[in-house]
Amino acid sequence: MMGKPITGRSFGGCIRYVVDKQEAKILAAEGVRMQNASTLMHDFNLQRKMRPELGKAVGHLVLSWSKEDLAKLSDDIMVERAREYLEKVGIRDTQFVVVRHSDRDHPHLHLIYNRVDNNGKTISDRNNFAKNIKACKEITLKYGYHMGEGKGQVNREALKGKEKIRYELYDAIKAAMKTATTWKGLEAKLAKQGIKIAYKFRSGTSEVQGVSFEKGDIKMKGSAIDRSLSYAQIDATLTRNQQVQQYHAAKQANEPSLASQLREAIRQSVQAEYLHSPDGGKGLLQILLEPQFVAAAPDPMGDADIARRKRKKHEAEHSQSQTISR
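- Looking at an unreviewed UniProt entry, one finds the protein chain named Relaxase/mobilization nuclease domain-containing protein, with Mucilaginibacter aquariorum as its source organism.

### Here's the deal with the overall build of the protein chain
- Each helix and strand in the protein chain was counted, giving 11 helices and eight strands.
- Taken across its 326 residues, the protein chain has 34% of its residues classed as buried.
- When contacts within the protein chain are restricted to residue pairs at least 6 apart in sequence, those whose partners lie at least 24 apart make up 63%.
- Surface summary for the protein chain: the accessible area is close to 20800 Å², and the carbon and sulfur share equals 52%.

### A look at the environment of Gly-8
- Among the secondary structure elements, Gly-8 is positioned in strand 1 (residues 2–8).
- Residues Gly-8 and Ala-57 lie 49 residues apart in sequence; the distance between their C-alpha atoms is 6.5 Å.
- Contacts of Gly-8, omitting those with residues within four sequence positions, involve Gly-55, Lys-56, Ala-57 and Val-58.

### Focus: the nonpolar core
- If you look at the biggest cluster of nonpolar residues, it comprises 24 residues, and the most contacted ones within it are Trp-65, Tyr-85, Val-98, Leu-109 and Leu-111.
- Where this core is concerned, the elements lending two or more residues are strand 2 (25–30), strand 3 (58–64), helix 3 (75–89), strand 4 (96–101), strand 5 (108–114) and helix 4 (128–143).
- A total of six residues in this core trace back to one element, the largest contributor, which is helix 3.
- When near neighbours in sequence (up to four residues on either side) are disregarded, Trp-65 contacts Met-1, Leu-73, Met-78, Arg-81, His-106, Pro-107, His-108, Leu-109 and Tyr-145.

### Structural notes on the sheet that holds strand 4
- Here we have five strands laid out as an open sheet, ordered 1-3-5-4-2, and antiparallel in their pairing. The open sheet has two free edges, formed respectively by strand 1 and strand 2, since each of these has just one partner strand. Here the strands of the sheet are splayed against their neighbours by 15 degrees on average, with no regard to which way each runs.
- Lying on the sheet, helix 2 (residues 37–48) is in contact with strand 2, strand 4 and strand 5; it crosses strand 5 at an angle near 40 degrees.

### Overview of the pattern of salt bridges
- Throughout the structure, instances matching the rule amount to 16 salt bridges.
- The closest approach of N and O atoms between Asp-103 and Lys-21, which form a salt bridge, is 2.9 Å. Linking Asp-103 in the loop between strand 4 and strand 5 with Lys-21 in the loop between helix 1 (11–19) and strand 2, this pair joins segments that are 82 residues apart in sequence.
- With relative accessibility at 37%, the residue Asp-103 sits in the partly exposed group.
- Under the relative-accessibility criterion, Lys-21 is labelled partly exposed at 26%.
- Note that Glu-30 and Arg-83 form a salt bridge whose closest N and O atoms lie 3.2 Å from each other.

Criteria and cut-off values
- Residues numbered from 1 in each chain as written.
- Predicted model: local features only at pLDDT ≥ 70, side-chain atom pairs only at ≥ 80, totals over all residues.
- Heavy atoms only, no water.
- Helix = DSSP H or I, 4+ residues; strand = E, 2+ residues; numbered from the N terminus.
- Buried < 20%, exposed > 50% of the residue type's maximum accessible area, 1.4 Å probe, protein only.
- Contact = heavy atoms within 4.5 Å.
- Areas by Shrake-Rupley, 256 points an atom, 1.4 Å probe, with all protein chains shown as cover.
- Core = buried A, V, L, I, M, F, W, Y, C linked by side-chain atoms within 4.5 Å.
- Pairing = 2+ DSSP bridges.
- Axes fitted to C-alpha atoms, helices over the stretch in contact; angles between N-to-C directions.
- Salt bridge = Lys/Arg side-chain N within 4 Å of Asp/Glu carboxyl O.

Encoded structure:
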């Protein structure tokens, strides 16, 4: 199950869109007459007058399930889930109407509620997205509904308003986090896309407690965009990226020199030749590569002695030849 919270200014526009749509079916209502769009608008606006200064008094929720859950969702069950959702996110003691639509493959409903409650107090929309995610996950797990495949499967083209900005922030931050190794680096990458980072500090200290992201006039907490974008989660990712970068730098610095690699390649080649030699003998190349091998220096004294002996032998042969000829 997935939820999409929206706030607006006009009950008229919202109700006409939800109720007058083809095949729309009003399933339940509280505090308002459910005959038609006109009676709904009249009753919602009547209670709204208790807080005339509240601009966005319209609460609008879209609750959707996977098409795999269709057999589990009768009209009555969908109303029960809508009421349970309202309780979990803290929307109580106010007017609402539940309308089921059948214009998509997946089952879904629209829930319109008054942000001016029955006592004239304002129902807060603070942390709507974070509360929405938590409530939907709890209900999905509790009743065994199909778990969605994540934000990667959401159709970005169909999104509008704040929800569209939310996914734009999600995509941009996730992409920047793949290569950033510090918060400064992340800030620089996001700034190129018109996104600013705002930090929340623990009272009276310089300790960062949370993080928010701003694009245009929209500002959202990281955890409200997605749980993986809380300050702690992002910081852990940046630290991990930095460690990986340091590891590769150290590994590259310790790579053997070209000469060492060449020597090792030759050594392995000679070793293979030696192992396959019929007599197991050593080749000249292997001998040269052995650390203990040192080429002998020339011996001038030995060379002179050999030359002297050759000269004497030659003289003796010449003398004998002359004696015979006489």
